[in-house]
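Letter by letter, the chains look like this.
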Amino acid sequence: MPHLIQPLDTGDPLGPLPQEFAAIMRPELPSLIKEIGVEVTRAYPEYARLLDGPNGQAIRVGVEQSLSSFVDLVAEPSSPTTLRDDMCRRFGRFEAYEGRTMDTLQGAYRLGARVALRRAKKVGQSYHLSPSLMLSFADALFAYVDELEALSREGFLEVQSQSGEHSEALRRRLLHLILAGRPAPHSAIADLCEQTGWTLPDEVTLIAVRAPAELDRLSADRDVLVDLSAPQPHLLIPGALDESRRSMLEQALPASRAAVGLTVPTVLACESVRWARRVLELVDSGVIDDAPLIHCEDHLITLWLLSDPALLDQLAQRELAAVAGISAGRRERLVETLRIWLDTRGTAAQMGALLDVHPQTVRYRMRNLESIFGDQLVDPESRFATEAVLRALRLRSRTDGTSP
């Protein structure tokens, strides 16, 4: 392999990194991201909690974006950094909302840089890279980290400059702790409730809001906890969503699409917002019809049937194994006839009207189905499993227009 890296061994002291260096760095990114995550969460346990919380995926994406952007800039110095810049500012805003200083985030950035440098030294040894090139890498890496810190400080100072920042930060911190789930840090929650004058309810309803979200704070009830700056904006309403609360939401979110989670015990708040976010995903994929305010309560069966796509594939393979060897066209006709029968238990004439075929054709298909599936259509448990699979496949087919 040494002959592959000779063009990189320039020997220039602390010069710019050769663009070809990106080709060496890029394959290291997936495992390096994991290693940095382990080291940072070990050194800063508060970040371990955040990664397991509702914003965990967004944080991981931000870390990946920051590292990928560094490699992109090495490969092409004019690469855009808009996404990276936005993510770093969001990290800074998040620290302010959490009521922390910038010290923790700066420490995490620098620890990540040390882990990356440690990895670079190992890679440099295997490629026989020159000491001057490794010095250039270290110099570029820590200059890059300075950029990340400066961007995050912009977001941090932006939040601090807002009026009422301290009170809002405490309320957001309270919301984040409630969403942390079990085991709930009761003492911290009680302390924040006392500081903010907020009464901890027995039940809550979470609202997932499509980003970017705007809230008319004058219309929002005072006891509603809000975080619209998060990558996945959300609100917490104490108790159930009655007509008064519904009217308040419509006024407070006049231009935003939102999904209402189920009313749950406060310790299960994270589940309520998870279901609400899943509903928004199903709206985006075309499974659920869009509306300004969508209620999870109206789509529980859909949420359940599509809760585990990989498991649905396995169930479908098992339940429809009897028709797996049939030609695609005939299989599609038989499966659709079976679905209509399971849905309606109708007569041949009724089913024929729904399928737009002659009743005699329905009878012929049903005889085929009885012959192919046998006891699977007689046993109640097997029949239920088949019906559930066909309903789920029918729902999923709405995302791409294919047949179930």
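For the structure itself, consult the block above.
Residues numbered from 1 in each chain as written. Predicted model: local features only at pLDDT ≥ 70, side-chain atom pairs only at ≥ 80, totals over all residues. Heavy atoms only, no water.

*Asks:* So what's going on with the pattern of salt bridges? Which residues, and what values?
*Replies:* Under the defined criterion, the tally for this structure stands at 27 salt bridges. Between D284 and R210 there is a salt bridge; the shortest N-O distance is 2.6 Å. Placement of the pair is D284 in helix 11 (residues 269-284) and R210 in the loop between strand 1 (203-209) and strand 2 (225-227), with a sequence separation of 74 residues. On the basis of relative accessible area, D284 is assigned to the exposed category, the value being 55%. With a shortest N-O distance of 2.8 Å, R245 and D221 are connected by a salt bridge. Taken together, the residues R245 in helix 10 (residues 243-252) and D221 in the loop between strand 1 and strand 2 connect sequence positions 24 residues apart. The class of R245 is buried, set by a relative accessible area of 12%. The structure contains a network of salt bridges with shared partners spanning E28, E35, E39, R42, R118 and R119. (Salt bridge = Lys/Arg side-chain N within 4 Å of Asp/Glu carboxyl O. Helix = DSSP H or I, 4+ residues; strand = E, 2+ residues; numbered from the N terminus. Buried < 20%, exposed > 50% of the residue type's maximum accessible area, 1.4 Å probe, protein only.)

*Asks:* Any chance you could break down unusual backbone geometry for me, citing the residues and the numbers?
*Replies:* The omega torsion across A211 and P212 is -5°, close enough to zero to call that bond cis. Examined against the element boundaries, P212 turns out to sit in the loop between strand 1 and strand 2. Positive phi values are uncommon outside glycine, yet H128 reaches one of about 55°. Following the sequence through the fold, H128 ends up in the loop between helix 6 (103-127) and helix 7 (131-160). A residue is classified by how much of its surface remains accessible, and H128, at 51% relative accessible area, is exposed. Backbone geometry at R345 places phi at a positive 50°, although glycine is not the residue there. Relative to the assigned elements, R345 resides in the loop between helix 14 (328-344) and helix 15 (348-355).

*Asks:* Summarise the nonpolar core; cite the residues concerned and give the values.
*Replies:* Counting residues in each nonpolar core, the largest one holds 57 residues, and the members touching the most others are L174, I178, L236, V279 and L338. Tallying contributions element by element places helix 11 first for this core, with seven residues. Discounting chain neighbours no more than four positions away, the residues touching I178 are I189, W198, L200, L225, L236, T266 and A269. Counting 46 residues, the second largest nonpolar core, distinct from the first, contains F21, M102, A138 and F156. (Core = buried A, V, L, I, M, F, W, Y, C linked by side-chain atoms within 4.5 Å. Contact = heavy atoms within 4.5 Å.)

*Asks:* Any chance you could break down a nonpolar patch on the surface for me, citing the residues and the numbers?
*Replies:* A cluster of nonpolar residues, I301, W304 and F384, forms a patch on the protein surface that exposes about 370 Å² of accessible area. Take F384: it is sitting in helix 17 (residues 380-396). The exposure class assigned to F384 is exposed, which follows from its relative accessible area of 51%. (Patch = residues over 30% accessible without salt bridge, like charges linked within 9 Å, V, L, I, M, F, W, Y side chains within 5 Å. Areas by Shrake-Rupley, 256 points an atom, 1.4 Å probe, with all protein chains shown as cover.)

*Asks:* Would you mind going over the pairing of strand 1 in detail, with residue names and values included?
*Replies:* Strand 1 sits mainly inside the fold: six of its seven residues count as buried. In the sheet, strand 1 pairs with strand 4 (residues 258-265) via six bridges, with the strands oriented antiparallel. Along strand 4, the bridge assignment pairs T205 with T263. Where strand 1 and strand 3 (residues 234-238) come together, five bridges link them in antiparallel fashion. Note that in strand 3 the partner of A208 across the bridge is H234. (Pairing = 2+ DSSP bridges.)

*Asks:* Give a description of the packing of helix 6 against helix 7 that names residues and reports values.
*Replies:* The contact between helix 6 and helix 7 brings their axes to 10 Å, and the two run at 160°. By the angle class used here, helix 6 and helix 7 are roughly antiparallel. Note that helix 6 runs across helix 7; the crossing there is right-handed. Here L105, Q106, Y109, R110, A113, A116, L117, A120, K121 and G124 of helix 6 lie close against helix 7, whose contacting residues are M134, F137, A138, L141, F142, V145, L148, E149, S152 and R153. (Axes fitted to C-alpha atoms, helices over the stretch in contact; angles between N-to-C directions. Parallel < 35°, antiparallel > 145°, perpendicular 65-115°, else oblique. Left-handed = near helix turned anticlockwise from the far one by under 90°.)

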